[in-house]
Structure formats: C-alpha cells, structure tokens
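One letter stands for each residue in the lines below.
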Amino acid sequence: MPELESRLRELGRHVEFPPTPDLAPAVRSRLGKRRSWRRPAAIAIAVVVVALGAVLAVPPARTAILEWLGIGGVKIVRVEELPPAPAIGNLDLGRSVTPAEAHRRAPWLLEPADRPDAIYLSASIPGGKVSLLWGTPERVRLLLTEFRGEAFLEKLIQPQTKVELVEIDGNRGAWLEDNHVLIYRDRDGLTREDTARLVGRTLLWQRGDVTLRLEGKISKKQALRIARSAR
Amino acid sequence: MVVSRPPTEEELVERAKRGDEDAYEELVRAHQGIAFRTAYLVAGNAADAEDAAQEGFVKAYRALGRFRAGSPFRPWLLQIVANEARNRRRSAGRRAALALRAAAEETSGGAAPSPEGALLGAEERNRLLAALNALREEERLVISCRYLLELSEEETAAALGVRRGTVKSRTSRALARLRVELGDSDA
C-alpha cells in the first residue's frame, strides 16, 4: 500500500473538477479600464476629424462656434444660441435590461456604488449605449449614460454656461451647470439630437475608452462622489 | 548566435507591470487552471469560482505595482483569487460543503495510464474520497490544496489565508484522521 500522501496525489487526477473556462478574453477586456487613459490622444484626434463633419451638419442657427473642449468621445461646443428645446419627457433610453444582461452585452460598463433603479441598453450609438437610471423614466432623479470612445457626441452649450474642469481618478472631466443640447451620430452616421434634456447639471468624464455622462439634480460634490465610486 | 526562448515568468510579470497586456494575458493563460480549481474548492461551485478567478486576475493586474519583483507569482495570485472566492461564499451564506466526486471512468482502451495509474483501483479511490469528504471543512480544504491540487505549503497558506505553521499542523492532523478512518496501519 503506497503512502497516504501519494495516494491522495493520485486521487487528485481522478477528482472531478468542472472544466476551467477560458478567462483570458474577459480579463483582457477589463484590463485597460484604469490604465489606458494614456491612449485618448489618438481618440481626441479622431474626434476632431469627425467633429468637423458633424459641426458642419449642425443647422445654421448654431453655427457660431465660440469654443470647444473634448472629453473622451464628447466634444463640448459653446455656441451663440441653443436650438429650440426638444419635448421633455420623451426619454429614449432603449430597452430595459437586468444588470447581468447589461454587463454581458457591455462588459466595459462601470457601475457606481449606489445601484440604479433601472438599466437600459440602446443601439443608437455604434458600440452601444447603456443608461443607468435612478427614479423612473417619468421622473428622472439621476441618469448616467455610458458609451465607448469610438462613438462621437457633441454637447452644445450657451455662452453663459459655466464649464469647470475636474479630475476623476486621474482622468479629465468637465462639470457643466446649465442647459445643453446633445448631438450624436447614429449607427448610420447621421447627426441627431438627443431628445433628453434634463435639469442641466452634468458631469462628463472618461475612464479608459468609456465616456460617462451623469445628469440630474445634484451638486458638484455629489456628482464627483458618484463618479469616483464607479467600478 | 541569438537563441530565442520563451520569456520567463519574472520577465512576463515585469512587462505586465509596465502595462504590457499581452504579457499579462500569457500569465492568465498559464495560471487560470490552478486559479479556477482553487477558487472552486473554496467557493464550492463553478459559477462563483469563475467569477472569483476573473475578478482575482483583474485585481492582481491592478495591484502589480505592489508585487515584489523576483518573488513567485503563483502564491501571490492564489491569495487574491481565493480571497475573492471566500467573499463570494460568505455573501452566499453557509452552503453545504462541496462534495468531491470521482470523474467518470475512462473506457479501458483510453489514454495510457500514468506511471502511478495502477496504484489505485476504483474501489480504493472511492473509499479515499468518502473519507476525505467526511473531514471537517478546514481539514478537507488543506488536504485538497496540498495533495489534490499539489499546491506548496506556501501556496496553500496564501490560498486559505492562514499561516504556514497552521497549514503544517492542520495537514498532519487531517492525515492522521484519514489514516484512522481508512484503517491504515502506517500512521
């Protein structure tokens, strides 16, 4: 009879373990999130190139561009006059999904420590857009929209809108306090206006190649706290 | 003449530290088997084990800056993965302990038996498994890590979150109990 230890070692070769899943792709897709913010230089150039096309497509009433600023996949553009306000309450967020499905479809999704009341998935932006909602679609308390960097958004702001640069975990962000209109390119490359127009307080930042936009009735301090808790 | 050789683990870790994701992917592929199995023993089910192993690899990557150059990677990694596995087990409440089972028998015409393959008959294996499953959980875990997964004492200590001395004493206690259970006279 061999030693107990060697019998146990041999037993190890006969014990049933579930097959090891290939973890490399999922791990790999999550690696860049904190470290890849050195990359945005390339993204920023792409945004500028795309931006020229998009700005030209904006109707004449807004063509007077005063200044602009790029944050991730979003370009903030100060214009003389905002386009007329789209109807409020027509929030096109997409399809309501479970957190598990949201993470499966958008593995890059970041979630703040406070769990949202609902999560929506929309294909209106290339690469997908995820919206995390606190409150109800009729009474939105807070809305966090996330998409990947290859998408392109343009935010139009009025001359009096205050834009403040902030830092979130080493990444650049912007805090805006006023009304704005969001313009984005849809999957077919068409320039569209976002129908959502919330209270006008927005925090915009990026994490890796994910661009995040938090909107609602919150203070800058609250917004930064939520942003810094996103994982 | 320059002979190209595969990079050593130390080189891969150094490259990963500098943000080389290809190098880290190689480390993941090299260690995912042992990481998943360790997590499976600790968490008690495959879904939590996969989750814990994935989370562990991501956390380890982010913590590479604190990894001491030149020290072995595996115990450090297993500590992080097993910690994730324990957290999942804890948050799921106290489930029934994992019962180890023997794999379905290969047909006799299958792969060549390992050199030691003839040592244990199916009946003997089942007796050994039953005795192992009857151990207290902390003892079953230490035996499973040390012998079934063939982790070193250092790796077992890291995986179970205990000191090396505890691994030693727990192992000898568990072996003694197994010998009694099996009626072995070589104790």
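Scope of this entry: the structure provided in the associated data block. (Residues numbered from 1 in each chain as written. Chains lettered and ligands numbered in written order. Predicted model: local features only at pLDDT ≥ 70, side-chain atom pairs only at ≥ 80, totals over all residues.)

Remarks on the nonpolar core
Within the largest apolar cluster, 53 residues are counted, with the highest numbers of intra-cluster contacts made by Ala39, Ala53 and Val81 of chain B. Residue contributions to this core reach at least three from each of two domains, namely domain 1 (8–92) and domain 2 (120–187) of chain B. Excluding anything up to four places from it in sequence, Ala39 of chain B contacts Ala49, Ala52, Ala53, Val81, Ala82 and Ala85 of chain B. Leu132, Leu143, Ala174 and Ala230 of chain A belong to the second-largest nonpolar core, a separate cluster that totals 25 residues. (Core = buried A, V, L, I, M, F, W, Y, C linked by C-beta atoms within 7 Å. Buried ≥ 20, exposed ≤ 12 C-beta atoms within 10 Å, placed from the backbone. Domains from an automatic or database assignment. Contact = placed C-beta atoms within 7 Å.)

Digging into the interface of chain A and chain B
Quoted interface sizes are often the accessible area lost when the parts come together. Opposite the 26 residues of chain A that make contact, chain B presents 39 residues. Among the elements of the structure, helix 1 (4–12) and helix 2 (24–35) of chain A are those that each provide at least two residues to the side of chain A that touches chain B. Grouping the amino acids of the side of chain A that touches chain B by side-chain chemistry returns 13 nonpolar, 3 polar and 10 charged. (Helix = DSSP H or I, 4+ residues; strand = E, 2+ residues; numbered from the N terminus. Nonpolar A, V, L, I, M, F, W, Y, C, P; charged D, E, K, R; others polar.)

Brief notes about the sheet that holds strand 6 (residues 140–148) of chain A
Residue and element names in this part refer to chain A. Reading across the sheet, the 8 strands line up as 3-4-5-6-13-12-9-8 and stay open at both edges, with antiparallel pairing between neighbours. Both edges of this open sheet fall to strand 3 (95–97) and strand 8 (162–168), since each of them pairs with a single strand only. Mean inter-strand twist for the sheet, computed between neighbouring axes without regard to direction, equals 25°. With 5 bridges joining them, strand 4 (residues 118–122) and strand 5 (residues 129–135) adopt antiparallel strand pairing. Paired with Ala118 across the strands is Leu133, a residue of strand 5. (Pairing = 2+ DSSP bridges. Axes fitted to C-alpha atoms, helices over the stretch in contact; angles between N-to-C directions.)

Quick word on the environment of Glu155 of chain B
Residue and element names in this part refer to chain B. In this structure, Glu155 sits in helix 7 (residues 153–160). Taking the C-alpha atoms as reference points, Glu155 and Cys145, 10 residues apart in sequence, are found 8.5 Å from one another. With sequence-adjacent residues up to four places away left out, Glu155 is seen in contact with Arg74, Pro75 and Leu78.

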